[in-house]
Every structure is written in C-alpha cells, then in structure tokens.
Amino acid sequence: MPDRVLLTIGTKKGLFVAESPTARRRFALRGPFGPGVAVYSTLTDTRRGVRIYASSCNAYFGMKVLISTDRGKSFKETKSAPAFPKDDGRALINIWSLVPGDDAKDLWCGVEPASLFRSADGGDSWEMVPGISNHEHARKWQPGNGGLCMHTIVRDGDRVHLGISTGGHYLSEDGGKTFTASNKGIGAGFVPDPYPEFGQCVHKIARHKDAPARLYIQNHGGWPDRPGIGVLRSDDHGKSWRSIAKGLPSDFGFPILVHPDDPDTVYVMPLEGMTRTCPGGAPAVWRSENGGDSWTRLAKGLPKKESWFTVQRDAMDIDECKVPALYFGTTTGQLWMGREGGEKWECLFDALPPIHNVKVAVV
Amino acid sequence: MSVTIDVPALLRAESGGASALSVSAPTVRAALEQLERSHPPLYRSICDETGAVRRHVGVFVNTAHVRDLDGLDTRLQPGDVITILPAVSGG
C-alpha cells in the first residue's frame, strides 16, 4: 500500500528529494545530490521497486544520469549517459525528459539538441532513436530561449507524442519507429506563417491515461497579434488542435497538467508573455474542470503581490493521493504545495536554488 | 614520446584515483585519443561526442593553453605535461 509522497526537485545547483507520509503535513528534505550541477529532468520509476533517475548536466564535464535505489537517500551514476554517434556531428547539451518505457528496464529520454534516446537496461546504455532524431525536419528545428530541447514524451501504446521547442508536436503511431509533424491548429507568433507545418514552440504536453485521444498543450502564446494560440486541446490523438485559452489572463506559460482522476480537469500557470513572470506580480494556478471551456483562479495562500518569478515547463506536478495536491517550484527557489487540487497553497521550502523540475510520486 | 597528463581532483573518480597518467603521443589530439581508449569516462568528461574539447574545460601544455598554440594539433616533446582544468566560468 503506497504510503509516502516523494518529491524530486531538480535545481540549478543539484537534486533534492523531499519525503512525507501521504498526509503531507511535513516534508523531510534530502540533498543536494550532484551538488552544484543543474538538474532538468527527474523520474521516480516504480516498475521494479522504487528507482529515482535524474539528469545531471555538468557544464564542465558533460552529462550524467543519476540513479537511486534507496528512495533518494543516495545516488550514483549510471554506467553511461545518452551520447550521439561519433559521426553524427551533434553533441549532447542537456537531458530534458526521462519516462518509463514498455518493460521494467526500458527508459526513454529526450535531450538537447532535440533527439530521442532509449535504454533497455535501466540507463546503463543508450541508443539514439533515428525516426525522430534523424527526421528530415531535425536539422531545421531552431532553439528557443531554453535551447533546442525535446522536453515531452507522452506514450500511449504504439502512439508516441513528442514536444520539441522549437519543433512542435510530433506523433508516432508505430511505437516510435517513424514520426510525423502533427501541428494542425498549433500556432506560432514568431514566423510569418501563423500555422506552419512544424517549428512551433510547444512548451509542454499533457494527457490523462484514461482518455488517450484527449491531449492538452501549453504552447508559446502571449502574442498580441495572434491571440489564443497558447493553450490548446486535441480530441483526436493530436491530429488537430483548438484553442482553449479564453478566460485566462495570459495564454503564455510553461507547464500544463491533467488531474489524475479526471481528464476534464486541467491546470496551467499563466505568465506574462514578454516578461515570463506572474501577471501583476500575483502568482496563480488556473484550473478548468470542463476541458478548457472555462477557468478558475486558484491563489489562496499564494502571495498577492511583489512576486515576479517564473515557473518552468517541468516545475509543476500533481500527486495521486486520494485528494491530490499540486506542487510548483519557482525560479526564485520556493516550492509550493496546493492542497485539495490547488485550493489552498503553502510554501514547503522557501530558499532552494532556482528550480527547473518538480515531480511527485506516491510510493 | 612519453608525456604526463595531470588529472584534476574533480575528475579523479574517472581516472581510478590517479592524479597523473603517462601516455606516449606526438600531439595533444593523439594523447586524448589514447585516453579515449584507456579511460573512456575521463575522455568523455574532457571531450564531447564530436571530439571537441568541452567549452568549459581548459587544456594546457606545460603552462600554455592549447588555443594559444596549435590547438589539439599542438606537438608534444618528451617530458611535457598536459594539464586539464575546469575553466573560470559558472554562475
């Protein structure tokens, strides 16, 4: 019976792990692990015991993948990190996403420059997935402000959705062998064609496991001349997309989440498009309970003013307790928890390094 | 010809704890290629997949940075010391 909540917190200066009973009254903090090194991706993998993975992106000496088999009390490096073939010409800059694959040791990993890798042995060896990494579009993608990153991998049997900034949404229907740009309805504000075939700056993709045809995207919005392109929904497995941004204070943001028990309940964290900070200095998570038709502001307990942080694309998550709580980390180093699905917020930690990644698991 | 590679403390986990390694190579590039064969994790910490020295790593021959010499094609003399150091960078 799962009885502990594990938070993995990737920061500019290493990885932290916070643990609490499921009542979530107090979290004990451990770390930093891989001190001083930026962590953009974490995964708590429960397929064979509890294994925590984290990327460790050392600006000096290259990329590592860290693993813990004792619930985040200690970490060691896996035997290798993803690496491009020697004759490829590209070199790994960052690791942006780690997700479980099919069998107990299968891992998928999205990296910068945007490419996909898989490991069949729990992260000790890696192979590049050519269907997307060598896609005919791959050398035409351009880096956004965060770099040319493959930040989202959403798996649904043979369907695989990838989010690339800036590349857009790519869909495979053959288990990842081949991919097609699938961006009908996803806009771009930074090129003359408002709806290009590819090249969109998709920020994050979310899906509920029981509603695989329904997907949500937080896209790069905030364009005065092209309003409403920032928050989108698909009901046909990502073949086409439509705006659900009406009612939000801004259609710019980075993370997007779906409630674990309800595919109609979706969360975003709107930010001002130009500054990428909280609108009016007053942070709030916004929730829709009808698939994006209308939105409600959730800010009880959050600062009412003078808060100018950013919440990055992987820095918000929701747990799977009976009454789920949301969590987000800020670029100013605070970690917030919103009880009752974001109705009541409290700051768990207020002086961590700038936070890139927050993931939660109940183990 | 035999030269010495000084390994910084931060990378000694990749060199089996050795603070210095002896290699026989006519150029810096050849010395690094030897490292790739003998100590792959150490090499990977110094060079990326394309063979380029990582952006924030400095490679010196005696007291001179290789960028002020002939880069990785800098020729070595017996007894030379190649020093690997993290650059002054960060935030």
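Residues numbered from 1 in each chain as written. Chains lettered and ligands numbered in written order. Predicted model: local features only at pLDDT ≥ 70, side-chain atom pairs only at ≥ 80, totals over all residues. Heavy atoms only, no water.

Re the pairing of strand 20 (residues 256–259) of chain A
Residue and element names in this part refer to chain A.
Phase 1: Residues I256 and V258 of strand 20 are buried on one face, and the alternating residues L257 and H259, pointing to the opposite face, are buried as well.
Phase 2: Of the strand pairs in this sheet, strand 20 and strand 21 (residues 262–268) are connected by four bridges, and their pairing is antiparallel. Along strand 21, the bridge assignment pairs V258 with V266.
Phase 3: Connecting strand 20 to the antiparallel partner strand 21 that follows it, the hairpin turn spans two residues. (Buried < 20%, exposed > 50% of the residue type's maximum accessible area, 1.4 Å probe, protein only. Helix = DSSP H or I, 4+ residues; strand = E, 2+ residues; numbered from the N terminus. Pairing = 2+ DSSP bridges.)

Description of the pattern of salt bridges
All names here are of chain A.
Phase 1: The final tally for this structure, using the stated rule, is 25 salt bridges over all chains.
Phase 2: Put simply, R139 and D88 hold a salt bridge, and the shortest N to O gap is 3.6 Å. Placement of R139 in the loop between helix 1 (130–133) and strand 12 (149–156) and of D88 in the loop between strand 7 (76–77) and strand 8 (94–100) is noted, with a sequence separation of 51 residues between them.
Phase 3: The closest approach of N and O atoms between E289 and R287, which form a salt bridge, is 3.8 Å.
Phase 4: In this structure R287 comes out as buried when scored by relative accessible area, which is 10%. (Salt bridge = Lys/Arg side-chain N within 4 Å of Asp/Glu carboxyl O.)

Things to note about the sheet that holds strand 2 (residues 14–21) of chain A
All names here are of chain A.
Phase 1: The strand order across the open sheet formed by four strands is 3-2-1-28, and the pairing between neighbours is antiparallel. Two strands bound the open sheet, and with one partner strand each, they are strand 3 (28–33) and strand 28 (355–362). When strand polarity is set aside, the average angle formed by the axes of neighbouring strands in this sheet is 15 degrees.
Phase 2: Sheet topology note: the strand 2/strand 3 ladder contains four bridges and is antiparallel. For V17, the partnering residue across the bridge sits in strand 3 and is R30. (Axes fitted to C-alpha atoms, helices over the stretch in contact; angles between N-to-C directions.)

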